[in-house]
Every structure is written in C-alpha cells, then in structure tokens.
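# Inside the fold
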Amino acid sequence: MACLPGAFIRAMPRYKLPLGATAISLLLASCGGEVEPKPVETAPAIENIVDDAAPGKERLASTIAPFFDDPALEETRAIVVMHGGRVVAERYAPGYGPDSRLISWSMAKSVTATLIGMMVADGLLVLDDTAPVPEWSSPGDPRAKITLRHLLHMSSGLDHTEMAEGDKAIYEADTTRLLFLDGRENVARYAEKRNLEAEPGRHFEYSTATSHILADIMTRTLTDSSDPVVRRNAMLEYARGRLFEPLGMTSAVPEFDRSGTMLGGSMIHATARDWAKFGEFLRNNGSVRSAQLLPTSWTRFMKTSSANDPAYGGHVWLNKRRPEGRDQVLFPGKAPSDVFAALGHLGQFIVVSPQHRLTIVRLGKTQDDQLDPINDQIAKLIAIFPKS
C-alpha cells in the first residue's frame, strides 16, 4: 500500500468520515509522521549480542551494520537473525528494542494463510471448494466459482486496485478506502461486494482485500454470530490457541474492524523476535518443538508457485523471477530459489532460507520503491551462512 500523506488529508472533506485515533496514527506512522512506539532503552551494540557460535562473527556484524548505518538502507528499526533455531544476531535502532511491537503490514497475509491451513487441517474448510461467502451464493453469481485456492493465490478475479497509479488520487485506491475510508467499518463487506473483472483462477492481482475476505471466512466458520465482540473473540481465541501461544508469540496483537473482522491482510503487531518465531515455524514446515501444528502438505502449498505468478505461492513471496512487466521481488539469482518470505509495506521482511537453516527479520520504514538496497543486503547476509 502506498504512503498516505497530504493528498489523503486534503481529500477528507469530500468524504466527511471521521478517522479514529488508531487510523490516524497508522497514517502518520506509514508516511513519516511523528507517531512512534513508546521509546525503550536502546539495545546494546551488535558486537555484544551476536552469538559467539555464529559463523563468521565479525563478518556477520559488518554485514548487519549497513542496515542501520548506510543511508540507502534506512530506516531499519530491528534486525533478528536465527540460524539453526537459535538467535545469532539482533540489533535495534535507538528508541526500539526487544519488547517493541512493530506492525506487520502485509506480513499478516502469511499469518492468515497459516490459520486457513489449520482450519483446512481441522476439517472446517476445503481448499478447492467454493469459498463460503454468502454475498456470492445467489444462483448464477459468477463469483460462486471462486475457491480458497484462488483467494490464497491472489487470483480471485475480483475487481481491485491495490495502489493508486497514474492520475488516480491516493484515496481512490481500494486498499486506502478499505482501511481508512468508506470500507473501514466492515472491510469484508467492502471487499466481498466487488464484481469480477476476470475469470477466477486466470489472473494474478495482488490484493489486500482478498486477505480480509479470508479472515471473514475464518470468522464465520467459527461463529454464526454477527455480534462484533463475539466475532472478534472467536477469531482471537483460535489464532492464539492454534498459532500464537504454541509458537510463543506472546506479543502478537491482531487488529479488528468494527464488525469484528480481523485485519488479516495488514495489521498484526508483534516484536521482531516473535516475527522470527513465525518464520522459523514455516521453515520447519509447520512444526515447533517436535509438535506438528500444521500439515507439511500445507506449508508445501504455501511455498509452491501459483499458476499465474512464479514468485507468489499461497500468501508468501518466493525468490523466483516474475513475468515481464511485473516488479521483481526479493533477489532471484542472488540466493537459492527455495528462499521464501512474508513481506509488508514500508520494508517489513521475514525471509527464510531453508538450505541455510536461516530466518531473517528486518523491520522498519522504507518507501516501497527504495527497497532494492535492502534486498541486496539481505542476499549478502544469507550468503555468509553455510548451506546444510
């Protein structure tokens, strides 16, 4: 999602929709405003917290340093590196530390896909069945052909504009409207009412709205209630009981809209260490401490290229080249092709390299069109670790 500065604020009188404090904070934070997490004591220098057993301690420290010291890579707020299941390096910018909860933005999509997989494993949902959305259930509605697989592959065919481009104003993009304007009270209703612009399964279009639809599907699977509090509590209990607590992600806090739908496409807050635990969970194919919480078949599905974009799987990004005309993601050719990642707006990264037994978390605030230096540095960081 693009930054939402003055153009958005100037548009507000047209909509006459008051923004809550949370929404305003997120707008300012995403655009370089002054709203920041509560300052904490600055973490020690990296040389003091790199695991002595890590390969090439000095080289590791010097490879992480540019994330904080090189202006081309700023603003990095947190780095956590796990190798073979152990934290081997960790560093924070001033004002941030191990207890700082940082926003996921679209990394939340990978969490949503993981929870969908748990519901499939529990027999509550079926990957290739019609997506259970009442809005699409009328006889003859072409949207009834949309499956969970289509949604997870960003190939639903629903009309969507993720970001404003060309002559469009920022407030005309669906993601902006969904989160902050006329869709914010009920994100699922806004998303599910969209018409088809392509046949389901035939066209890739990255869509935050899609992930909110999946979150709504999960919530309605858990409860028939329309009470926002009941909906919120049902989804929160499932997410905590099946994922966050077993992984030890005690800091994880999802946000919800006023209808009780989890904002599963964009807004989960957690510490860098807890985001690393999530990456490790996927690296270990859905197991934690020898407990298989997610079928390996589901993690394999998440990490397999979709039919319409080799670099996108089941709500995770893959280190593969995209078709001509699409922006490249990650660093194909500079790291193994089985590297995968949960990525978020403004440079949120959980990057996993199975061959290196490695999980890297980088959190910060860098404009989306300035991420190439960060991608290159992450590739360099991966390269200093041996392959297993």
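Below: a short report on this structure. These figures come from a predicted structure and were not determined experimentally. (Residues numbered from 1 in each chain as written. Predicted model: local features only at pLDDT ≥ 70, side-chain atom pairs only at ≥ 80, totals over all residues. Heavy atoms only, no water.)

### So, the sheet that holds strand E5 (residues 268-270)
Within a sheet, each strand pairs with its neighbour through backbone hydrogen bonds, oriented either parallel or antiparallel. The following threshold applies: Strands are labelled as partners when DSSP assigns at least two bridges between them. Only DSSP runs of H or I with at least four residues qualify as helices, and only runs of E with at least two residues qualify as strands; both kinds are numbered from the N terminus onward. Residue contacts are counted whenever heavy atoms from the two residues lie within 4.5 Å of one another. Fitted lines through C-alpha atoms give the axes, limited to the stretch in contact for helices. The angle between two N-to-C directions lies from 0 to 180 degrees.
Read from one edge of the open sheet, 3 strands run E3-E5-E4, paired in antiparallel fashion. Strands with a single pairing partner mark the edges of an open sheet, and in this sheet they are strand E3 (102-103) and strand E4 (253-254). On top of the sheet, helix H10 (residues 272-283) reaches E3 and E5; it is set at about 110° to E5, its chief contact.

### Some words on the packing of helix H3 (residues 57-69) against helix H12 (residues 372-383)
Test applied: Angles are sorted into four bins: roughly parallel if under 35 degrees, roughly antiparallel if over 145, roughly perpendicular if 65 to 115, and oblique for all others. All residues other than Ala, Val, Leu, Ile, Met, Phe, Trp, Tyr, Cys, Pro, Asp, Glu, Lys and Arg, Gly among them, are scored as polar; the first ten of these are nonpolar and the last four charged.
Direction vectors running N to C along H3 and H12 enclose 170°, while the axes themselves pass 10 Å from each other. Viewed along their axes, H3 and H12 adopt a mutual orientation that is roughly antiparallel. In this structure, H3 contributes Leu 60, Thr 63, Ile 64, Pro 66 and Phe 67 to the contact, and H12 contributes Ile 374, Gln 377, Ile 378, Lys 380 and Leu 381. Classifying every residue of the contact of H3 with H12 by side-chain character gives 7 nonpolar, 2 polar and 1 charged.

### Let's talk about the pairing of strand E10 (residues 348-353)
The two faces of a sheet get side chains in turn, since along a regular strand they alternate between them. Note the cut-off: Burial status follows relative accessibility: with a 1.4 Å probe on protein chains alone, a residue under 20% of its type maximum counts as buried, one over 50% as exposed, and anything between as partly exposed.
For E10, the tally of buried residues reaches 6 of 6 residues, placing the bulk of the element in the interior. Burial along E10 is two-sided: the face carrying Gln 348, Ile 350 and Val 352 and the face carrying Phe 349, Val 351 and Ser 353 are both buried. Pairing analysis gives 5 bridges linking strand E9 (residues 340-344) to E10, with the strands arranged antiparallel. From the neighbouring strand, Phe 340 faces E10, where its bridge partner is Val 352. The antiparallel pairing of E9 with E10 creates a hairpin that spans 3 residues between the two strands, and Leu 346 there sits at a positive phi of about 65°. Where E10 and strand E11 (residues 358-364) come together, 5 bridges link them in antiparallel fashion. Considered in E11, the bridge of Ile 350 is made with Val 361. If you look at the hairpin formed by E10 and E11, you'll find 4 residues sitting between the two strands, and Arg 357 has a positive phi there, around 50°.

### A few points about the sheet that holds strand E1 (residues 76-83)
The 6 strands lie next to each other as E2-E1-E11-E10-E9-E8, forming an open sheet whose pairing is antiparallel. Each edge of the sheet is formed by a strand with only one pairing partner; in this case those strands are strand E2 (86-92) and strand E8 (317-318). Contacting E1, E2, E9, E10 and E11, H10 runs over the sheet at an angle of about 145° to E11.

### Side note on the packing of helix H4 (residues 108-121) against helix H8 (residues 208-222)
As a reminder of what qualifies: Should the near helix be turned counterclockwise from the far one by less than a right angle, the crossing is left-handed, whereas a clockwise turn marks it as right-handed.
Direction vectors running N to C along H4 and H8 enclose 35°, while the axes themselves pass 10 Å from each other. The handedness of the crossing between H4 and H8 comes out as left-handed. Where H4 abuts H8, its residues Lys 109, Thr 112, Leu 115, Ile 116 and Met 119 lie against Thr 208, Ser 211, Leu 214, Ala 215, Met 218, Thr 221 and Leu 222. Partitioned by chemical class, the residues of the contact of H4 with H8 number 7 nonpolar, 4 polar and 1 charged.

### Focus on the nonpolar core
What counts is decided by this rule: As used in this record, nonpolar core signifies buried Ala, Val, Leu, Ile, Met, Phe, Trp, Tyr and Cys residues forming a set joined through side-chain atoms within 4.5 Å.
Formed by 109 residues in total, the largest nonpolar core has its most connected members in Val 81, Leu 115 and Trp 275. If near-sequence neighbours (up to four positions away) are discounted, Val 81 is found in contact with Ile 64, Arg 86, Val 87, Val 88, Ala 89, Leu 358, Thr 359, Ile 360, Leu 381 and Phe 385.

### Here we look at the side chain of Glu 192
Inclusion rule: Asp and Glu count as negative and Lys and Arg as positive, but His and the ends of the chain are not part of the count. By definition here, a salt bridge exists when the distance from a side-chain nitrogen of Lys or Arg to a carboxyl oxygen of Asp or Glu is within 4 Å.
Residue position: Glu 192 is located in helix H7 (residues 187-192). One buried charged residue, Glu 192, forms no salt bridge at all, with the nearest opposite charge on Arg 220 at 4.2 Å. Glu 192 has contacts with Val 133, Glu 135, Trp 136, Arg 143, Ile 213, Asp 216 and Arg 220, leaving out every residue within four places of it along the chain.

### Some points on the pattern of salt bridges
Once their charged atoms are close, side chains differing in charge can pair, the charge on each being opposite to the other. Under the definition given, this model contains 22 salt bridges. Salt-bridge contacts for Glu 135 lead to Arg 143; the nearest nitrogen and oxygen are separated by 3.8 Å. Of the charged contacts, one joins Asp 274 and Lys 277 as a salt bridge, the two residues approaching to 3.2 Å between their closest N and O atoms. Residue Asp 274 and its partner Lys 277 are both found in helix H10; the two are separated by 3 residues, about one turn of the helix. The network of salt bridges with common partners includes Glu 135, Asp 141, Arg 143 and Lys 193.

### Some words on the environment of Ser 306
Here Ser 306 shows up in the loop between helix H11 (296-302) and E8. By relative accessible area, Ser 306 is classed as buried at 5%. In the structure, Ser 306 is positioned 153 residues away from His 153 in sequence and 5.9 Å away in space, judged by C-alpha atoms. With sequence-adjacent residues up to four places away left out, Ser 306 is seen in contact with His 153, Tyr 312 and Gly 313.

### Regarding the packing of aromatic side chains
When we look at a pair of aromatic rings, we describe it by the centre distance and by the angle of the planes. Quick reminder of the rule: Two rings from Phe, Tyr or Trp (for Trp, the six-membered ring) form a pair when their centres are within 6.5 Å of each other. A pair whose planes differ by under 30 degrees is stacked, one over 60 is edge-to-face, and the rest are tilted.
For the structure shown, the criterion picks out 6 aromatic pairs. Between Tyr 206 and Tyr 312, the ring centres sit 6.2 Å apart and the planes meet at 85°, which makes this aromatic pair edge-to-face. Remark: Tyr 312 occurs in the loop between H11 and E8 and Tyr 206 occurs in the loop between H7 and H8; sequence separation between them is 106 residues. For Tyr 312, a relative accessible area of 1% puts it in the buried group. Their ring planes at 50° and their centres at 4.9 Å tell us that Trp 298 and Phe 301 sit as a pair that is tilted. Note that Trp 298 and Phe 301 are positioned in helix H11 at a spacing of 3 residues, about one turn of the helix. Using a relative accessible area of 11% as the deciding quantity, one classes Phe 301 as buried. In textbook terms, an aromatic cluster arises when at least three aromatic residues are bridged by ring pairs, as seen for Phe 204, Tyr 206, Tyr 312 and Trp 317.

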